[in-house]
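Analysis of the macromolecular model
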Amino acid sequence: MSQATRRKEETVIIRAALIEDLKRLIGEDKVLSDEIDLLCYSFDSSFMAKLNRFLPDVVVTPLSTEDVMKVVRYAYEHEIPVIPRGAGTGETCGAVALSGGIVMDLSLWDNVIEVDAANMQALVRPGVIHATLNEHLARFDLFFPPDPGSTRMCTIGGMVANNASGLKAVKYGSTEQYVLGLDVVLPTGELITTGGVGARTVKNVSGLNLTKLFVGSEGILGIITMIRLKVLPKPKGRGIVMAAFSDLDHAPATVLRVYRQGILPACIEILDSSAITAVNTYRPELELPDAEAILLFEVDGSPQGVEEEGAEIARIAKEQAVLVEWATEPKRMMGLWEARSVLATAAAKLRPDGTRIFAGEDISVPLAKVTDALRGIRALSLEYGIRVVNFGHIGDGNVHTAPVLDPESPDEVEQAKLLVDAIHRLAIRLSGSTTGEHGVGAVRIEYANEEHGAALRVMQSIKNTLDPKGIMNPGKLIPCSVIDSSRENR
Amino acid sequence: MIREIGASPDFIIEFGKKCVRCGQCRSVCPVFTEFKTEGFSPRARVFLADMIHRSCKGSTVALNSRGPAHIDYADSSPDARTFTDNAPTDILKKAWDRNLICLLCGACATDCPSGVPVCDIILSMRKEYVAHGGRPKLVAELSQRIRETHNVVGEDNENRWLWMEEHTPISVHSECQVTPLRRPQGLVYFTGCVASLYPGAYKIPRSMIQIMNRTGIGFALLGGEEWCCGYPLSLLGLDSEADEIAGHNLEKVVGLGADTVMTSCPSCYYTWRHLIEKTGAHITVIHYTQLLNGIVADQAVKLSPMEVVATYHDPCDLGRKSGIYDPPREVLRSIPGLTFNEITPSRKDARCCGGGGNLETIDPELSRKLAEARLSQASDTGAELIVTACQQCARTLSNAARKLPRTRNMPYGDSEPPRPDMEITVPRKMKVRDIADIVLSCLQSP
């Protein structure tokens, strides 16, 4: 028997023992070990997962804090990686097993434990779907403001772990602003509550802010098992201003003038000429103007306030825009939003023999540099011969780029990798970040040194303290070692 | 096969690469929302089909596989590999088996931002299963039954007349002969297996012929010469058998000199539409909701009031797959006294009743749970009556409605008892009725 064969046989035996132990710990019905299921957990939405297959050893689907604690304690004892996963809608390989281990699918644990309307809070389990939570809250005229595009499928646990946001981050910010407390199972299996044990306060400055530490930690510090959220009263009014510009620079200039008037729209979206072309190709009946940029402002609040702010934004936009429309009628608003909402499909269908990919798709730059970023990406697109569609949340500098290519073509794949790297480096050069809301995962980890310098060492220390055996979601968010000393004294 | 689908590795790989695995399909798939594990998501079905077909085709596209070393085709030691030389046959079979647990409702494909035709991919997989000699009991039995009896029930096909014999008297228009194979005015009413052979569904054709008789619309029935439309066979991948019996039906209709085929079953309608498209036969295919709407719109009849709050459930094969949404709604809105409340989701986004894709036969318990979920959505409209235009939807929903509790609490709390203020609208006992039955009951005597 060869050494390789022997090693393989040993692996099979160890894995069989792992599966049996997990079944004994949390029940057979919560353990998936069939190859067909493991394959289905080998991907997320990232391009990296399209090119690679990341198979876990086993998948568990816990439905209680006790289940999670038992699995984590076991994994800690046996030094087995644990990879928490929500709906697997991420674009960074954040919820896949890079080198085997236990994938913990928390999406089945989807109870809304309580809507505390009197205190404007909600208590939820990690698997609750974002849209479902807002359906529950709507009965109390409340809502949870962060609004990712994946609202219908992403989980609150995933949103917290990635500090997700969305279109309305301009006014409402990101998830971290709404997380008041968490229950977290640490890598050792110990359960802690952040934000105060039993607390139901909105303001609480007692102790170190561990809640903030875990929000956006991408599962490398522990498993989030319960989330206490602050929620807000649902706005009664809503309106949309659309403005088309013949000069790209006029778009951010208009945004700035709106801000200077003291108006904070709920969201401000931009479609550059690449996006306008994509939409007009896919849905010519929408008849988007042949412009360099289109801005969509959404305002919400009291009906009277909406009317006033919308009219003022329209007035400001008219100073430089070639076309401006202001609407509050629901059907017309839906029509105006359609150009934005069909973009994903439009980009995907731009090439019959290809598709859009999720890579380099989430850079964030200062507001004043948005046009530089858009122009820079277009130039890189030409340089590497990969078509891109650009759109994004101009109100907070978050640019989404959709490279469109044939993923079967090795040449195009190689060029795309170079393009994506160049886009990430462009963001850093423009004093921005490689990611505004999608996270780092495994796909942007190589930029950690460059983005964080000496601070990375502190992050590493925190990680090592909480997870000395390195079992929690290894290979994500921050590298295990190395700090580029040349960045330390920056 | 009735409908050409690209049942080839190239077809599946073409769309496999288009799928960006965003997971949007998770939010609309009724089967996934019940199981909740990734293996039942439409994107995973596409992923598996793509993986398998690369293997079958001997794809040279290298994939980097990382992970544990326990699975042969995912050895972590080489950085790159192909599936060419170690096709995962076990996975093939399991993926095919799992694809039987699908409603083929088309919600995922309709909602897909990348335009991936998930249903066609699953149908391709089913077809290949059969082509490779896979004949699970279900497939073998259905095939034999239809081959021998020409209907899905397995009864003597002449029993297709029974629903009429028990229904007397029938007022027959002077030009309307219900005798089989006599020249009609031009319209053949293709009643379908379920409506002709399941007593519980007799009400549909009985209502239709009374409405047609009272409005002077001539028609003919094929009776024992009406064979299964072929849809259940094509759903299981038996395309050539489906083609054969569909060809028989077409021959009989053409032989009568008919220019129109009307169906009450949405699946028959879908099948006939594609059959005509494929053969180029000069036959117009209509659904009975279109005829009913025409009758109502022409004011050929006067409808008496019906004081009821109703909603309409879109059958998948009629709505999402055939684009017929408005005629049934217009019929309902024309009934005096009837308050029509739209269900959410509806039209192209409507959720399947749980009876699609032969699921009721494959997994009746799952089918019932999915029907309950749809009933719950109907209940949220405040309606006491669900109207539909499909004998299968009516059956699935009625069966589930009979077993529903009158009240229930939403699960606000896995650690706390339900609180009274958290109670939500309950799925009350609801009635499910066919649209022809409703129209007939509103028909005033001339």
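Residues numbered from 1 in each chain as written. Chains lettered and ligands numbered in written order. Predicted model: local features only at pLDDT ≥ 70, side-chain atom pairs only at ≥ 80, totals over all residues. Heavy atoms only, no water.

1. Concerning the overall build of chain B
Looking only at helices and strands, chain B has 19 helices and eight strands in total. Relative to its 446 residues, chain B shows a buried fraction of 61%. In chain B, the proportion of contacts linking residues at least 24 apart, taken out of those at least 6 apart, comes to 75%. (Helix = DSSP H or I, 4+ residues; strand = E, 2+ residues; numbered from the N terminus. Buried < 20%, exposed > 50% of the residue type's maximum accessible area, 1.4 Å probe, protein only. Contact = heavy atoms within 4.5 Å.)

2. Some points on the packing of helix H14 (residues 288-297) of chain B against helix H19 (residues 435-442) of chain B
Residues and elements named next belong to chain B. The contact between H14 and H19 brings their axes to 10 Å, and the two run at 25 degrees. Judged by the inter-axis angle, H14 sits roughly parallel to H19. For the pair H14 and H19, the crossing hand works out as left-handed. Across the interface between the two elements, Tyr288, Thr289 and Leu292 from H14 touch Ile435, Ala436 and Val439 from H19. In terms of residue class, the contact of H14 with H19 is built from five nonpolar, one polar and no charged. (Axes fitted to C-alpha atoms, helices over the stretch in contact; angles between N-to-C directions. Parallel < 35°, antiparallel > 145°, perpendicular 65-115°, else oblique. Left-handed = near helix turned anticlockwise from the far one by under 90°. Nonpolar A, V, L, I, M, F, W, Y, C, P; charged D, E, K, R; others polar.)

3. A closer look at the nonpolar core
Across soluble globular proteins, nonpolar side chains have a tendency to be buried as a group. Core analysis: the largest hydrophobic core is formed by 113 residues, its most contacted members being B:Tyr189 and B:Trp272. Other than its neighbours up to four places away in sequence, B:Tyr189 contacts B:Ile204, B:Pro205, B:Met208, B:Ile209, B:Met212, B:Phe219, B:Ala220, B:Leu221, B:Glu226, B:Met262, B:Thr263 and B:Ser264. A:Val370, A:Ile377, A:Ile386 and A:Leu419 belong to the second-largest nonpolar core, a separate cluster that totals 47 residues. (Core = buried A, V, L, I, M, F, W, Y, C linked by side-chain atoms within 4.5 Å.)

4. Description of the confidence of the model for chain B
The pLDDT averaged across chain B works out to 82; a share of 80% of its residues lies at or above 70. Across residues 408-426 of chain B, confidence stays below pLDDT 50; counting only partners more than four residues off in sequence or on other chains, it has 38 contacts. (pLDDT = per-residue confidence, 0-100.)

5. Section: the packing of helix H9 (residues 250-260) of chain A against helix H11 (residues 303-318) of chain A
Residues and elements named next belong to chain A. One can describe the packing of H9 onto H11 by two numbers: an axis separation of 10 Å at closest approach and a directional angle of 140 degrees. In terms of their interaxial angle, H9 and H11 are classed as oblique. Regarding H9 and H11, the two cross each other, and that crossing is right-handed. Residues Thr254, Arg257 and Val258 of H9 touch H11, and the partners they reach there are Ile313, Ile316 and Ala317.

6. Notes on the pattern of salt bridges
Following the criterion strictly, the structure yields 47 salt bridges over all chains and no others. Between B:Glu365 and B:Arg368 there is a salt bridge, with its nearest N and O atoms 2.5 Å apart. Here B:Glu365 pairs with B:Arg368, and both are found in helix H17 (residues 364-379), just three residues apart, close to one helical turn. Note that B:Arg368 is salt-bridged to B:Glu372, the shortest N-O span being 2.4 Å. You can see B:Arg368 and its partner B:Glu372 sitting in helix H17, four residues apart, about one turn around the helix. The network of salt bridges with common partners includes A:Arg85, B:Arg26, B:Glu38 and B:Arg43. (Salt bridge = Lys/Arg side-chain N within 4 Å of Asp/Glu carboxyl O.)

7. Description of the pairing of strand E9 (residues 179-185) of chain A
Residue and element names in this part refer to chain A. Most of E9 is tucked away, with seven of its seven residues classed as buried. Pairing analysis gives six bridges linking E9 to strand E11 (residues 223-230), with the strands arranged antiparallel. Counterpart to valine 184 in the pairing with E11 is isoleucine 224. Where E9 folds back on strand E10 (residues 191-194), the antiparallel hairpin that results is connected by five residues, among which glycine 189 adopts a positive phi of roughly 100 degrees. (Pairing = 2+ DSSP bridges.)

8. Things to note about the side chain of A:Asp57
All names here are of chain A. Relative to the helices and strands, aspartate 57 is located in the loop between strand E2 (52-54) and strand E3 (58-60). Of the side chains bearing the opposite charge, arginine 15 lies closest to the buried aspartate 57, which forms no salt bridge; the N-O distance is 4.3 Å. A polar contact of 2.8 Å, which involves the side chain of aspartate 57, links it to the backbone nitrogen of glycine 101. (Lys, Arg positive; Asp, Glu negative; His and termini not counted. Polar contact = N/O pair within 3.5 Å; in protein donor to acceptor, adjacent residues only side chain to side chain.)

9. Quick notes on helix H12 (residues 239-255) of chain B
Each turn of an α-helix holds 3.6 residues, which means side chains three or four residues apart point in the same direction. All names here are of chain B. Spanning 17 residues, H12 covers 24 Å between terminal C-alpha atoms, matching the ideal 24 Å at 1.5 Å per step. By the burial criterion, the buried members of H12 are Asp239, Glu241, Ala242, Ile245, Ala246, His248, Asn249, Leu250 and Val253. Turning to H12, the residues buried within the fold contact helix H6 (118-131), helix H7 (137-149), strand E2 (187-190), helix H11 (231-235), strand E3 (260-263) and helix H13 (266-279). Phi turns positive, to about 75 degrees, at glycine 257, one or two residues after H12. (Expected span 1.5 Å × (residues − 1).)

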